[in-house]
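Spelled out from the first residue to the last, the chains are:
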Amino acid sequence: MGGEVLKPVSRDRRVFKGIDVFLLWAGGNTCLATIFTGGIIGPKLGILYSIAIILIGSTIGGFLLGLVALLGEQKGLPTMVLTRKVVTTKGSYIASILNAIQLIGWTSILLYASAEAAASAMKALLGETVFANTIVWVIVIGVVETVYTLIGPKKWVLCQRIAVTTLIIVLCYEAYALFNYMLLQPTSFTSSPGYADILWGFDMVLATAVSWAPLVADYSRFAESSLGAVMGTWWGYAATSYVLYSIGTLAAVITGAYLGDPTQVAISLGLSAVVFIFIAISAVTTNLLNLYSAVVSTMNVFPKANYRGLVVFFGITSTVLAAFPVFFIYFEEFLYYIGSVFVPLIAVLIIHYFYGEERNMPPKKLKIIGLTSWIVGILVSVFTIESLGFGATMVALVVAASLDTFLLSLSSIK
């Protein structure tokens, strides 16, 4: 690949139909980490408020992802390359490095959680064997997802159609069994969370959505149409979020499962084989996106780097981190970090391309405005977190977008 990440993907090389974009994001978002986020907010907000936050936050988050997907389809470039014209080339390098770090963090979190769940499922099926060892599954899944990433996006189409369709069928079956079980348990659907708790829950859901935004154009640049790119990304993410966040919330509130992890509940219902299939496929289809985009972000900084070498390097790094799950222990704080950096960046990226390009001002001035708005957005987000104790996703979005729009309008006045 090499320097190809800096060049637009020509129309004759676009291989993703709308359904492929949908399946890509449905597969990417269908994982234990999504369930865990629902499990974090459930105990604080209760079921009804959590479901409301999930529906609103996931819909808005999916829409933001759809806008970034449109940029990728129109420009044919990865997200981090697009930021070059927004926050300067050096600014895009900083964003790319931070993005690679967060993606390897996500990869290790999911790899560890998936390996632990796979080991539990195998223990229920086969007893105390080598297959009941978490580290064994960390290595196995880590190798498989690295090899899958190596083949590249042009060859993913058929594999993704088969893998994600199977995953969705298994998810529907598992969700049906879990919902039936959990809804039969005695519980209260009413709660009275405070205003701060509601904002905190909304931040968690929206920050998780925006954490995907730096990846979106990496894949929508291969989309055949704008409609397919936008709707496939938006609803591939949103639809699966509705289901998985809800599973996590119900499991955390009704069964008391840690982080809403329904694995043990499913195993107790005799769904060990189903759990294993879900874990095995979801870990690979999600970390495929994480690893590939970590490589693409790195190649924005080092365009002459070897694609396969980077895939192997990041695959090994994430596997080692999964064996020593530092990111998993600080999962909630990890989400705060993501929101503080990437929420304002994505807000500025969207405003710049959909509004700034019409201003007819020098590129250097456009970049300075974008960089200023991004930095201010980060500072405001961090200040809000330190002051209020919860993520400031909406605050960062509004401040960065408003400031960028104001500065662009002000600078274009003759």
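1. A word on the overall build of the chain
Link 1 in the chain: Broken down by element type, the chain carries 16 helices and zero strands.
Link 2 in the chain: Here the C-alpha radius of gyration of the chain, 21 Å, is about what a compact globule of 414 residues would show, namely 22 Å.
Link 3 in the chain: Expressed as a percentage of its 414 residues, the buried residues of the chain come to 58%.
Link 4 in the chain: Surface exposure of the chain reaches about 16100 Å², of which carbon and sulfur atoms provide 71%.
Link 5 in the chain: Considering the chain, the positive charge centre built from 22 side chains and the negative charge centre built from 19 side chains are found 16 Å apart.

2. A few points about unusual backbone geometry
Link 1 in the chain: Within the chain, Thr88 stands out as a residue other than glycine whose phi angle is a positive 75 degrees.
Link 2 in the chain: Note that Thr88 resides in the loop between helix H4 (84-87) and helix H5 (89-126).

3. Thoughts on the environment of Pro363
Link 1 in the chain: Looking at the element boundaries, Pro363 is found in helix H15 (residues 363-388).
Link 2 in the chain: Along the backbone, Pro363 and Leu77 are 286 residues apart, and their C-alpha atoms lie at a distance of 18 Å.

4. A few points about the nonpolar core
Here is a general trend for soluble globular proteins: nonpolar side chains tend to be buried in one another's company.
Link 1 in the chain: Of all hydrophobic cores here, the largest spans 82 residues; its most connected members are Trp25, Val68, Tyr219 and Leu349.
Link 2 in the chain: For this core, the element with the most residues is helix H8 (residues 195-220), which contributes 13 residues.
Link 3 in the chain: Grouped together as the second largest cluster of nonpolar side chains are 45 residues, Cys31, Ala121, Leu171 and Val265 included.

5. Here's the deal with helix H7 (residues 156-183)
Turn by turn, an α-helix covers 3.6 residues, leaving residues three or four places apart pointing in a common direction.
Link 1 in the chain: Helix length check: H7 (28 residues) gives 38 Å between terminal C-alpha atoms against 40 Å at 1.5 Å per residue, within 8%.
Link 2 in the chain: When we look at burial in H7, the residues that qualify are Trp156, Val157, Gln160, Ala163, Val164, Leu167, Val170, Leu171, Glu174, Ala175, Leu178 and Met182.
Link 3 in the chain: Packing partners of the buried residues in H7 comprise helix H1 (18-29), helix H6 (134-150), H8, helix H9 (226-255), helix H10 (263-268) and helix H11 (272-301).

6. Considering a nonpolar patch on the surface
Link 1 in the chain: A cluster of nonpolar side chains, namely Leu55, Ile56, Ile60, Met394 and Val398, defines an oily patch on the protein surface of about 390 Å² accessible area.
Link 2 in the chain: Every element with two or more residues in the nonpolar patch is listed here: helix H2 (32-75) and helix H16 (393-411).
Link 3 in the chain: Top contributing element to the nonpolar patch by residue count: H2, with three residues.
Link 4 in the chain: Relative to the helices and strands, Ile60 resides in helix H2.

7. Thoughts on the state of the cysteines
Link 1 in the chain: Following the criterion strictly, the structure yields zero disulfides and no others.
Link 2 in the chain: For the unlinked cysteine Cys31, the closest cysteine sulfur is that of Cys172, found at 16 Å.
Link 3 in the chain: Left without a disulfide partner, Cys159 is nearest to the cysteine sulfur of Cys31, which lies 20 Å away.

8. Brief notes about the packing of aromatic side chains
Link 1 in the chain: Applying the stated criterion across every chain, the model contains 12 aromatic pairs.
Link 2 in the chain: Between Tyr219 and Tyr292, the ring centres sit 5.4 Å apart and the planes meet at 45 degrees, which makes this aromatic pair tilted. In this pair, Tyr219 sits in helix H8 while Tyr292 sits in helix H11, placing the two residues 73 residues apart along the sequence. Grouping residues by exposure puts Tyr219 and Tyr292 together as buried.
Link 3 in the chain: One aromatic cluster is present, built from ring pairs that chain together Trp25, Trp156, Trp212, Tyr219, Tyr292 and Tyr307.
Link 4 in the chain: In this arrangement the basic side chain of Lys44 is found over the ring face of Trp200, its NZ or CZ atom lying 4.1 Å from the centre.

9. Section: the packing of H6 against H11
Link 1 in the chain: Running from amino to carboxyl end, H6 crosses H11 at an angle of 50 degrees, the nearest separation of the two axes being 9 Å. The orientation of H6 with respect to H11, classified from their angle, is oblique. Considering how the two elements wind past one another, H6 and H11 form a crossing that is right-handed. Packed against H6, whose contacting residues are Trp137, Ile141, Val144, Glu145, Thr146, Tyr148 and Thr149, the element H11 presents Phe276, Ala283, Val284, Asn287, Leu288, Leu291 and Tyr292 at the interface.
Link 2 in the chain: The residue makeup of the contact of H6 with H11, split by class, is 10 nonpolar, three polar and one charged.

10. A short note on the packing of H2 against H5
Link 1 in the chain: Closest axis-to-axis distance for the H2/H5 pair is 9 Å, and the angle between their directions is 90 degrees. Looking at the two axes, H2 sits roughly perpendicular to H5. Here Leu32, Ala33 and Phe36 of H2 come into contact with H5, specifically with Trp106, Leu110, Ala113, Ser114 and Ala117.
Link 2 in the chain: Grouping the amino acids of the contact of H2 with H5 by side-chain chemistry returns seven nonpolar, one polar and no charged.

11. Observations regarding the confidence of the model for the chain
Do not read the fine detail of predicted coordinates wherever pLDDT is low.
Link 1 in the chain: Mean pLDDT over the chain: 86, with 92% of residues reaching 70 or higher.
Link 2 in the chain: Mean pLDDT per element in the chain: helix H13 (residues 326-329) is the minimum at 62, and helix H3 (residues 79-82) is the maximum at 95.

12. As for the environment of Arg84
Link 1 in the chain: Position of Arg84 relative to the elements: it lies in helix H4.
Link 2 in the chain: Other than its neighbours up to four places away in sequence, Arg84 contacts Leu6, Thr89, Ser92, Tyr93, Asn300 and Lys367.
Link 3 in the chain: A distance of 2.8 Å separates the side chain of Arg84 from the side chain of Asn300, its partner in a polar contact.

13. Examining H2
Link 1 in the chain: Given a rise of 1.5 Å per residue, 44 residues ought to cover 64 Å, yet the end C-alpha atoms of H2 are separated by just 33 Å, more than 12% below that figure.
Link 2 in the chain: Its maximal kink placed at Gly46, H2 deviates by approximately 120 degrees.
Link 3 in the chain: When you tally the buried positions in H2, you get 31 out of 44 residues, the bulk of the element.
Link 4 in the chain: A positive backbone phi angle near 75 degrees is found at Gly76, which sits one or two residues after H2.

Rules used throughout
Residues numbered from 1 in each chain as written. Predicted model: local features only at pLDDT ≥ 70, side-chain atom pairs only at ≥ 80, totals over all residues. Heavy atoms only, no water. Helix = DSSP H or I, 4+ residues; strand = E, 2+ residues; numbered from the N terminus. Rg over C-alpha atoms; globule rule 2.2 N^0.38 Å. Buried < 20%, exposed > 50% of the residue type's maximum accessible area, 1.4 Å probe, protein only. Areas by Shrake-Rupley, 256 points an atom, 1.4 Å probe, with all protein chains shown as cover. Lys, Arg positive; Asp, Glu negative; His and termini not counted. Charge placed at Lys NZ, Arg CZ, Asp CG, Glu CD. Core = buried A, V, L, I, M, F, W, Y, C linked by side-chain atoms within 4.5 Å. Expected span 1.5 Å × (residues − 1). Contact = heavy atoms within 4.5 Å. Patch = residues over 30% accessible without salt bridge, like charges linked within 9 Å, V, L, I, M, F, W, Y side chains within 5 Å. Salt bridge = Lys/Arg side-chain N within 4 Å of Asp/Glu carboxyl O. Disulfide = S-S within 2.5 Å. Phe/Tyr/Trp six-rings, centres within 6.5 Å; stacked < 30°, edge-to-face > 60°. Lys NZ or Arg CZ within 6 Å of the ring centre and 35° of its normal. Axes fitted to C-alpha atoms, helices over the stretch in contact; angles between N-to-C directions. Parallel < 35°, antiparallel > 145°, perpendicular 65-115°, else oblique. Left-handed = near helix turned anticlockwise from the far one by under 90°. Nonpolar A, V, L, I, M, F, W, Y, C, P; charged D, E, K, R; others polar. pLDDT = per-residue confidence, 0-100. Polar contact = N/O pair within 3.5 Å; in protein donor to acceptor, adjacent residues only side chain to side chain. Bend = angle between axes of the 7 residues up to and from the residue.

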